[in-house]
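# A structural walkthrough
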Amino acid sequence: MKRLISLSFIIYHFSFSEAQSWTMQQCMQYAVEHNHEVKRTELELDNYKANRTGAIGRFLPSLDAGIGAQYNFGRAIDPETNGYTDVSTFYNGYSLSVSLPVFDGFSRLHALKVAKASVLMGQSALRQKQDQTALNVMQAFTNVAYYEGLVKMAEEKVEETKLLLRQTRVLEEVGRKIQADVAQVESQQAEADYELIRQQNLLASALLELKKAMAFPIADTLSLEVRREQTPSPSASNSESVAFGLGLAQEHPELLASRYQMQASKHEWHQARASLFPSLSLSAGLNTTYYHTLHSNTGQSFHNQIKNNMGEYIGATLSIPLFNRLQTITSIRKAKNNYQIARENYEQKQLELEKLSREAWQDWQGYQKQAVQMEKKVEADSLAYQLTRRQFEEGLSTAIDLHTTSSQLLNSKATLLQCQLMAMVKERLVRYYQGEIIWE
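Residues numbered from 1 in each chain as written. Predicted model: local features only at pLDDT ≥ 70, side-chain atom pairs only at ≥ 80, totals over all residues. Heavy atoms only, no water.

### A few points about the packing of aromatic side chains
Note the threshold: Pairing of aromatic rings covers Phe, Tyr and Trp, the last counted by its six-membered ring, and requires centre-to-centre distances within 6.5 Å; plane angles under 30 degrees mean stacked, over 60 mean edge-to-face, and any other angle means tilted. Our definition puts a charge over a ring when NZ of Lys or CZ of Arg is within 6 Å of the ring centre and also within 35 degrees of the ring normal.
Following the criterion strictly, the structure yields 11 aromatic pairs and no others. Of the aromatic side chains, those joined through ring pairs into one cluster are Trp22, Tyr30 and Phe216. Sitting over the face of the ring of Trp269, Arg273 holds its NZ or CZ atom 4.9 Å from the ring centroid.

Have a look at this one:
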């Protein structure tokens, strides 16, 4: 019964997967949940959290307990008389100790700040990896949608050339066309068939790339649903701030990761300087022993010996660093350089994101304007093709003229599709640089 239920669930799952049409948003969400790099980044974040827990634990006292046992054979010191003896003796010892660091030049404090900054950096790195995965899927999805559009155009072109070839052959039979016109149209049909096959191969490659980016099973069917929604342009008052990334890219995950890396490097530098200060720690403990001479029934009981041999101690240790062959100075210098490198990386990352934010905005506006103009061009090229085809049927134009206008119309449609898809991509990029989560 369990196997039957499992088999039914698998069949339902696969039938649903094949029947479902995936939107760009669903593809990005699936990729973020299943991408292997994202999962590795999640594990790295868990390591950062474990380091933070360890840094907190360094403020707590350490407690140790020990139990030891040994047999002495031959010449040894009798613990009862404190003299030499040659009998075999069994020793059993117990100890309990506790230690607490009081002052270490604030090394533990800076280590905790490093751990906290590392956790924040790991969270930003995870968000960055998720966003990058979503962007890769978005680009791959756009390529598939583009080639799907080209395949549909190529199919329409094939059907159109077949119809034109039949018409041309009929016109040849009635004497209005010559054999050269038929041959040229046949060449156009062969070219259309070739273009269809080429676009289908490109579509198959793009679909494989999309499945790879999504971590989607390669053998499964993936049907896409392309939604080219018209999004309103941002207001003019907001456009300038978006263009320059002012106040918008500051919370970008890449910038946050670089900022937290700089903070961690700063605290590591301060932690290295803490090695110049003395350290103070307190310790306390107790120990006791039990012994028994083998092959002898005399001696105190276990309970009495544990009680009578009990010893306690308490102490304080002050460690003052004097000279360690310039290792501390070297560590401080390297930590300071690492902090300055992290600061330079942060400033460079901020500049890069501002540039990319402005480029995304400009590209978005440009593709929107290009799409409007290409729509007009497609209408004009369509009208020119229809007129040329009418003239070709009436014998007023050649097959070469018809092929030229047909190719021009096909290129215009492909360019229009590209502009529409790129406008959609750039619009999401603008929102991405504004700090929005584009895959949710």
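Back to the text.
### Comments concerning the environment of Tyr48
To be explicit about the condition: To qualify as a helix, a DSSP run of H or I must reach at least 4 residues; to qualify as a strand, a run of E must reach at least 2; elements of each kind are numbered from the N terminus. Any pair of residues with heavy atoms lying within 4.5 Å of one another is described as a contacting pair.
One can find Tyr48 in helix α3 (residues 36–57). When the C-alpha positions of Tyr48 and Leu120 are compared, they lie 8.9 Å apart, and in sequence the two are 72 residues distant. Leave out the neighbours within four places in its chain, and Tyr48 touches Ala115, Ser118, Val119, Met121 and Gly122.

### Considerations on helix α2 (residues 24–34)
Applied cut-off: Whether a residue is buried, partly exposed or exposed follows from its accessible area with a 1.4 Å probe, protein chains only, as a fraction of its type maximum: under 20%, in between, or over 50%, in that order.
Turning to α2, its buried residues are Met24, Gln25, Cys27, Met28, Tyr30, Ala31 and Val32. Those residues of α2 that are buried lie in contact with β1 (21–22), α3, α4 (107–173), α5 (179–214), β6 (223–224) and α10 (399–433).

### A look at the packing of α4 against α10
Heads up, the condition is: Helix axes are fitted only over the stretch in contact, all axes being lines through C-alpha atoms; the angle between N-to-C directions runs from 0 to 180 degrees. When an angle is under 35 degrees it counts as roughly parallel; over 145 it counts as roughly antiparallel; between 65 and 115 it counts as roughly perpendicular; any other value is oblique. Left-handed describes a crossing in which the near helix is turned anticlockwise from the far one by less than a right angle; the clockwise case is right-handed. Three classes are used, and their members are as follows: Ala, Val, Leu, Ile, Met, Phe, Trp, Tyr, Cys and Pro are nonpolar, Asp, Glu, Lys and Arg are charged, and the others, Gly among them, are polar.
At a minimum axis separation of 11 Å, α4 and α10 run at an interaxial angle of 160°. On the basis of their axis angle, the class for α4 and α10 is roughly antiparallel. Crossing angle aside, the handedness with which α4 passes α10 is right-handed. Of α10, the residues touching α4 (which contributes Asp131, Leu135, Met138, Thr142, Ala145, Tyr146, Gly149, Leu150, Met153, Glu156, Lys157 and Leu164) are Leu402, Ser406, Leu410, Lys413, Ala414, Leu417, Gln418, Leu421, Val425, Arg428, Leu429 and Tyr432. Looking at the contact of α4 with α10, its residues break down into 15 nonpolar, four polar and five charged.

### Topic: the sheet that holds strand β2 (residues 62–72)
This is how it is decided: Paired strands, as defined in this entry, are two strands with at least two bridges between them according to DSSP.
Across the sheet, four strands lie side by side as β2-β5-β7-β8; this open sheet has antiparallel pairing. One side of each edge strand has no neighbouring strand; the edge strands of this open sheet are β2 and β8 (311–319). Going from strand to strand, the sheet's axes swing by 20° on average, the running direction of each strand aside. Examined bridge by bridge, β2 and strand β5 (residues 89–103) share 11 bridges and lie antiparallel to one another. Bridged to Ala69 within β5 is Asn92.

### Examining the packing of helix α9 (residues 327–394) against α10
Between α9 and α10, whose axes approach to 7 Å, the crossing angle comes to 155°. As the angle between them shows, α9 and α10 are arranged roughly antiparallel. Handedness of the α9/α10 crossing: left-handed. Its residues assigned to classes, the contact of α9 with α10 comprises 21 nonpolar, 11 polar and nine charged.

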